[in-house]
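Summary of the model geometry
Residues per chain, in single letters:
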Amino acid sequence: MSQPLRIGMIGYGFMGRVHTNAYKRVNDFFPELKYRPILQAVCGRDETKVKAFAEQWGYASHETDWQQLVAREDIDAVDICVPNNLHKEIAIAVAKAGKMVLCEKPLAMDVAGGEEMCQAVEDAGVANTVWYNYRRIPAVSLAKQLVDEGKLGRIYHYRSNFLQDWTIATDVPQGGAATWRLDSAAAGSGVTGDLLAHCIDTAIWLNGSIKDVSAMTETFVKERMHAETKKVESVGIDDACAFMCHFENGSLGLFESTRYARGHKALYTLEINGANASIRWDLHDLNRLEYFDHADDSNVRGWRSIHITEGEMPYMDKWWVPGLSIGYEHSFIHQVADFLANLESGQPTSPTFREALETQAVCDAVLKSGSERAWVNL
Ligand SMILES: NC(=O)c1ccc[n+]([C@@H]2O[C@H](COP(=O)([O-])OP(=O)(O)OC[C@H]3O[C@@H](n4cnc5c(N)ncnc54)[C@H](O)[C@@H]3O)[C@@H](O)[C@H]2O)c1
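Keep in mind that what you see is a predicted model, and the values were worked out from it rather than measured. (Residues numbered from 1 in each chain as written. Predicted model: local features only at pLDDT ≥ 70, side-chain atom pairs only at ≥ 80, totals over all residues.)

**Description of the overall build of the protein**
The line we're drawing: Helix and strand labels come from DSSP, where a helix needs a run of H or I of at least four residues and a strand needs a run of E of at least two; each type is numbered from the N terminus. Computation of the radius of gyration draws on C-alpha atoms alone. For the globule rule, the value is 2.2 Å times the number of residues to the power 0.38. Burial is judged by counting the other C-beta atoms within 10 Å of a residue's own C-beta: 20 or more makes it buried, 12 or fewer makes it exposed, and any count in between marks it as partly exposed, with every C-beta position built from the backbone. Residue pairs are scored as contacts if the distance between their C-beta atoms, which are placed from the backbone, is within 7 Å.
Along its length, the protein carries 10 helices and 17 strands. At 21 Å, the protein has a C-alpha radius of gyration in line with the 21 Å of a compact globule built from 378 residues. In terms of principal-axis extent, the alpha carbons of the protein reach across some 65 × 55 × 40 Å. Going through the 378 residues of the protein one by one, you find that 47% of them count as buried. A separation threshold of at least 6 residues defines the contact pool for the protein, and within that pool the share at least 24 residues apart is 69%.

See the structure below:
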């Protein structure tokens, strides 16, 4: 017997569209799932726009006040797809209303806020997850399998970048609907919370906890006009951040993120070097995992470029035939599928709020280290 799961979506921008697509597609490709997401209501502040979104994407209704949506009795799960400064208040209200909560990353503006969110969902006993979707790109999931099988042996190095170039122009404003990411009041931080948080989540998942960090942060453009007030204001976010760290397993980590790497749009890369093997992955070529195995015969030893399309590879039995690729949006469909399967079996869906709090703690430590120019312990 299938069971409806009535979704209330708050925010209908980039992630609102990506998540809605995931809810719409998931049961077609994961027909074994008992739970079936229903697009019950979407919330945005502009009535005309949110109504148009609801009609275009197939939501049964719309709201212009998120508190109204949270209070509705015909909603089972609330999905938070709004700027970072709203995550905490909404998530706590959702938990208090006894509803499940799926929250976009970063979990919170800081660890203290994230801890309150964890307490709220744990006290309420509601299912919760944070959308660190890159774990569920099949090539990254395969990397996890290889690490867990011990194929890499002792791990020495973890290296990860997330590079963009969209804020180089000095006339890009801060704040407002399109550029809230540049406004520290809405975003909390710059590339650390926005981009490095992804790298850190994947790193902790693949390589374990981080012990300490030493970071440098930079704000290249010190003042920008605010999109709403039109006043020139100082910029509070980090435009670029690089940090090194020690992992608990003894390996060394090196991370870099910037929005000033001309030519790079969303170059998320990771590389892990172990005693026996190395793996490398690149978001711009997301269906490939590069793998070097020192155990190969020396006359054919070299980097393999594994095309992740075989049915034996993570999630790929759900999609097309070998040789044909899937895309970015599928990582979100996979997260919804796992969330629904876990609801059925009574398991948490990783990363839970509590797990995402560890990433938040590393982000906070990185920002502290950057401003104090000193090592910070976790
Ligand atoms: N997992 C990922 O890879 C990923 C990618 C992009 C963004 N994100 C995260 O998703 C969240 C949203 O980012 P986005 O890119 O979708 O932003 P966006 O600017 O495209 O959309 C934000 C939405 O929030 C709405 N909104 C703002 N204030 C609101 C309020 N008070 N009440 C109701 N709606 C409100 C806006 O109208 C808009 O629809 C952020 O936390 C961001 O960090 C995650």
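Having put the structure on the table, let's press on.
**Thoughts on the sheet that holds strand β16 (residues 303–307)**
Which entries qualify depends on this criterion: Any two strands with at least two DSSP bridges between them are considered paired. Axes here refer to lines fitted to C-alpha atoms; in helices the fit is confined to the stretch in contact. Angles between the N-to-C directions go from 0 to 180 degrees.
Spatial strand order, β16-β15-β14-β13-β7-β12-β11-β8-β17: nine strands in an open sheet with mixed pairing. Edge positions in the sheet fall to β16 and β17 (376–377), since each has one partner strand and no second. Sheet analysis places strand β13 (residues 267–274) next to strand β14 (residues 277–282), joined by five bridges and oriented antiparallel. Opposite Thr269, over in β14, you have Asp282 as the bridge partner. Relative to the sheet, helix α6 (residues 138–148) contacts β13, β14 and β15 (288–293), its axis offset from that of β14 by approximately 165 degrees.

**A short note on the environment of Tyr260**
Positionally, Tyr260 belongs in the loop between β12 (252–258) and β13. Sequence spacing of Tyr260 and Phe243 is 17 residues, and the spatial spacing of their C-alpha atoms is 16 Å.

**Quick look at the nonpolar core**
In plain terms, the rule: To form a nonpolar core, buried Ala, Val, Leu, Ile, Met, Phe, Trp, Tyr and Cys residues must be joined through C-beta atoms within 7 Å. The domain boundaries here were taken from an automatic or database domain assignment.
Among the nonpolar cores identified, the biggest contains 102 residues, and Ile10, Val101, Leu196 and Val366 are the most heavily contacted of them. It is helix α8 (residues 191–207) that contributes the most residues to this core, 10 residues altogether. Domain assignment of the residues forming this core places at least three in each of domain 1 (3–133) and domain 2 (134–377). Look past the residues within four positions of Val366 in its chain and what remains in contact with it is Thr192, Leu196, Val213, Ala215, Cys241 and Phe243.

**Some remarks on the pairing of strand β4 (residues 77–80)**
As a reminder of what qualifies: Handedness rule for crossovers: strands pointing away from the viewer, path from the first strand over the helix to the second running clockwise, crossover right-handed.
Covered by surrounding structure in β4 are Ala77 and Asp79 together with Val78 and Ile80, the residues of both alternating faces. In the sheet, β4 pairs with strand β5 (residues 100–103) via four bridges, with the strands oriented parallel. Along β5, the bridge assignment pairs Ile80 with Cys103. Crossover connection from β4 via helix α4 (residues 87–96) to parallel β5: handedness right-handed.

**Considering the UniProt feature "domain: GFO/IDH/MocA-like oxidoreductase" (unreviewed entry) in the protein**
Formally: UniProt positions are given in the numbering used here, feature names are shortened, and annotations may be inferred rather than shown by experiment.
Per the UniProt annotation, the sites labelled "domain: GFO/IDH/MocA-like oxidoreductase" (unreviewed entry) are residues 142–280. Between the C-alpha atoms that bound residues 142–280 the distance is 11 Å, and the span itself is 20% helix and 37% strand.

**Examining the sheet that holds β4**
The strand order across the open sheet formed by six strands is β3-β2-β1-β4-β5-β6, and the pairing between neighbours is parallel. Each edge of the sheet is formed by a strand with only one pairing partner; in this case those strands are β3 (61–63) and β6 (128–130). Direction aside, the axes of adjacent strands within the sheet are offset by 25 degrees on average. Packing of helix α2 (residues 47–57) onto the sheet brings it into contact with β2 (35–43) and β3, and relative to β2 it is tilted by some 155 degrees.

**Brief notes about the UniProt feature "domain: Gfo/Idh/MocA-like oxidoreductase N-terminal" (unreviewed entry) in the protein**
In this numbering, the UniProt entry assigns the feature "domain: Gfo/Idh/MocA-like oxidoreductase N-terminal" (unreviewed entry) to residues 5–129. Strand forms 22% of residues 5–129 and helix 46%; the C-alpha atoms that close the span are 15 Å apart.

**Remarks on the domain arrangement of the protein**
Per the domain assignment, the segments of the protein are domain 1 (3–133) and domain 2 (134–377). Once you take the C-alpha centre of each, domain 1 and domain 2 turn out to be 23 Å apart. In this complex, domain 1 contributes 36 residues to the contact, which on the side of domain 2 involves 37 residues. Here the element with the most residues in the side of domain 1 that touches domain 2 is helix α1 (residues 14–29); it accounts for eight residues.

**Focus on the site of the ligand**
Put simply, the rule is: Residues are classed as near a molecule or strand if the C-beta position derived from their backbone is within 6 Å of it. Classes in brief: Ala, Val, Leu, Ile, Met, Phe, Trp, Tyr, Cys and Pro nonpolar; Asp, Glu, Lys and Arg charged; the others, Gly included, polar.
Around the ligand there are 21 residues in total, and Gly11, Gly13, Phe14, Met15 and Glu104 lie nearest to it. Of all the elements, α1 adds the most residues to the shell around the ligand, at three residues. Taken together, the residues of the shell around the ligand break down into 11 nonpolar, six polar and four charged.

**What to know about α4**
Burial in α4 covers these residues: His87, Lys88, Ile90, Ala91, Val94 and Ala95. Its buried side turned inward, α4 meets β1 (3–10), α3 (66–71), β4, β5 and α5 (111–124). One or two residues past the end of α4 sits Gly98, with phi positive at roughly 75 degrees.

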